[in-house]
Amino acid sequence: MTRPPTRSAGRPSTRPASRRPGPTSAPGLPAREAAARLLAGVLRDHRALGDQIGSLDRLAPPDRARAQALATATLRHLGRIDAFLDHFLTRRPPAPALDALRLATTELRVHGIPPHAAVDAAVRLVSAGKNRTLAGLVNAVARRVADAAELWEATPEAPLADWLARPIAAAWGKAAAERIALVSRQPSPVDLTLRDPSTASALAAELGATLLPTGSLRLATPGQVSALPGFDAGAWWVQDAAAALPMRLLPDVAGRRVLDLCAAPGGKSLQLAAAGAEVTSLDISEARLGRLRDNLARTQLAAELVAADALAWTPDAPYDAILLDAPCSASGTLRRHPDLAYLPRDLAPLITLQDALLDRAWGWLAPGGHLVFCTCSLFPAEGEERIARFLAGHPEATVLPADPARLGVEPAWIDASGALRTRPDFWPGEGGVDGFYAACITAPS
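Residues numbered from 1 in each chain as written. Predicted model: local features only at pLDDT ≥ 70, side-chain atom pairs only at ≥ 80, totals over all residues. Heavy atoms only, no water.

It is worth spelling out the sheet that holds strand β3 (residues 217-219) at this point. Taken in spatial order, the 4 strands make up an open sheet running β2-β3-β1-β4, and their pairing is antiparallel. The open sheet has two edge strands, β2 (210-211) and β4 (236-238), and neither has a second partner. As defined by bridge partners, β2 adjoins β3 across 2 bridges and the pair is classed as antiparallel. Across the sheet, the residue bridging to T210 is R218, located in β3. On the sheet, helix α10 (residues 200-207) packs against β1 (190-194), β2, β3 and β4 and is oriented at approximately 5° with respect to β3. (Pairing = 2+ DSSP bridges. Helix = DSSP H or I, 4+ residues; strand = E, 2+ residues; numbered from the N terminus. Contact = heavy atoms within 4.5 Å. Axes fitted to C-alpha atoms, helices over the stretch in contact; angles between N-to-C directions.)

In this section: the layout of surface pockets. Vacant regions in the atomic arrangement are exposed by a probe of water-molecule size rolled over the atoms. In this model, the second largest pocket occupies a volume close to 330 Å³. If you trace the second largest pocket, you find 16 residues lining it, with T193, L194, P197, R248 and Q271 closest to the centre. Residue assignment for the lining of the second largest pocket shows that the elements contributing at least two residues are β1 and α11 (267-274). No other element matches β1, which puts 3 residues into the lining of the second largest pocket. (1 Å grid on protein atoms, 1.4 Å probe; cavity = no way out; pocket = protein on both sides within 12 Å on 5 of 7 lines; lining within 4 Å. Points joined across faces, edges and corners; volume = space filled by probe spheres on them.)

Cis rather than trans, the peptide bond between A264 and P265 has omega equal to 10°. Within the element layout of this structure, P265 appears in the loop between β5 (257-261) and α11. If you check the backbone angles, A330 has positive phi at about 60° while not being a glycine. In this structure, A330 sits in the loop between β8 (319-325) and α13 (347-362). Accessibility expressed as a relative area gives 17% for A330, which makes it buried. At W427, a residue that is not glycine, the phi angle is positive and equals roughly 50°. Tracing the backbone shows W427 in the loop between β11 (420-422) and β12 (436-442). (Buried < 20%, exposed > 50% of the residue type's maximum accessible area, 1.4 Å probe, protein only.)

In this section: the packing of helix α1 (residues 29-43) against helix α4 (residues 95-110). Look at α1 against α4: their axes get within 10 Å of each other, and the N-to-C directions meet at 115°. The two elements α1 and α4 cross, and the hand of that crossing is right-handed. Between α1, through R32, A35, A36, L39, A40 and L43, and α4, the contact on the second element is made entirely by D99, R102, L103 and E107. Tallied by class, the residues present in the contact of α1 with α4 amount to 6 nonpolar, no polar and 4 charged. (Left-handed = near helix turned anticlockwise from the far one by under 90°. Nonpolar A, V, L, I, M, F, W, Y, C, P; charged D, E, K, R; others polar.)

Bringing the packing of α1 against helix α5 (residues 115-127) into the picture now. At a minimum axis separation of 10 Å, α1 and α5 run at an interaxial angle of 65°. For the pair α1 and α5, the sense of crossing is right-handed. When α1 is examined against α5, the residues L29, R32, E33 and A36 are found in contact with a partner set consisting of A117, A118, A121, R124 and L125. Residues of the contact of α1 with α5, tallied by class, amount to 6 nonpolar, no polar and 3 charged.

Evaluation of the coordinates by the stated rule reveals 8 aromatic pairs. With a centroid separation of 5.3 Å and an interplanar angle of 80°, the aromatic rings of W362 and F390 are classed as edge-to-face. You can see W362 sitting in helix α13 and its partner F390 sitting in helix α14 (residues 384-393), a full 28 residues away along the chain. Neither residue differs from the other here; W362 and F390 are each classed as buried. Here W413 and W427 contribute two aromatic rings whose centre-to-centre distance is 5.1 Å and whose plane-to-plane angle is 55°, an arrangement assigned as tilted. (Phe/Tyr/Trp six-rings, centres within 6.5 Å; stacked < 30°, edge-to-face > 60°.)

Printed below as a string of structure tokens:
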């Protein structure tokens, strides 16, 4: 049975991480080795997890999924894990040993992997390379970690990194920042957007999913996504419920010429194509467009793919509508991408790029056309302030107010200007949503 989320403004659950559902079996050594490489890539090479996924291609799909899950969970709780490990270490060991202990702590205290399996795996992890002399240390500390359940429960989660916490608190208040931090520590559910919205109830029942008021399906424990009913048939694609809303700010796009600007990984292009638009999907990265190409084939939808720099490219004719999902800090996606906390972003060049893309896209609209500007950011500097600047420079432009009933969202999610604003602490009891800002601007006829 499907049910809408409880419209509660209460705080998200604060139950300890060790009680959350996790993997039912311990991942093998290849998955753990891959997780260690991912962790090192974020913490020492400053590379996002998403940019490292290609390194997992040689793994079997279950090992690939386990490596990602283990690295993601470790980063999600890293501040707490390190504070916990400090009780057993007189000083921080070399990076390979520390990462092995971090992963073991995640397996033991977050995922509930049996102690013998997690401890043995941590030892094997450091013994497999040039760090065999660290095996004794890792063995001793991992065993103590396995026996320290009460100490783990008494160790608090770390606050958000300053580069995130300060602007979030300034924009939305300290209490909201604390709620956002709590939600970001919870494993995020997986949301699906449907090719045919009329199939929502039937697919929800088949998948055991919750049908959200926005029309997305939410899976609490999806397992291997590619093995779920409807995947091979292209009945749906993975897309956070908040990310699916900006496209729906546009009026009916059926038969209309629409540009998806900065399109990869492509969820919004798929939405536009499914709604009957004539879609051009433009992105600067040919590699990132590959994922969209695969999903178009799987869903049997069509779009013209263009790999080009939007600041240098020019269309051959105006568009009836443009959807600009501009590059940004991605601060609104922290619940799904905890690595972002360890990859601080300089907002200045991003803001300059956002303004340039907005101005350029405006010139490509047909008379009476619509331009949706959106960012997956919690910072007003990448959302509300960008549209305010744009409107000040383009008095001929107007904001088309979003209709909360049409979107399936609460009225409080629409700001005074008519734009959409979501935050991770919205729908807290159901796992939250990504932080997004989106405004639909109308050109004069």
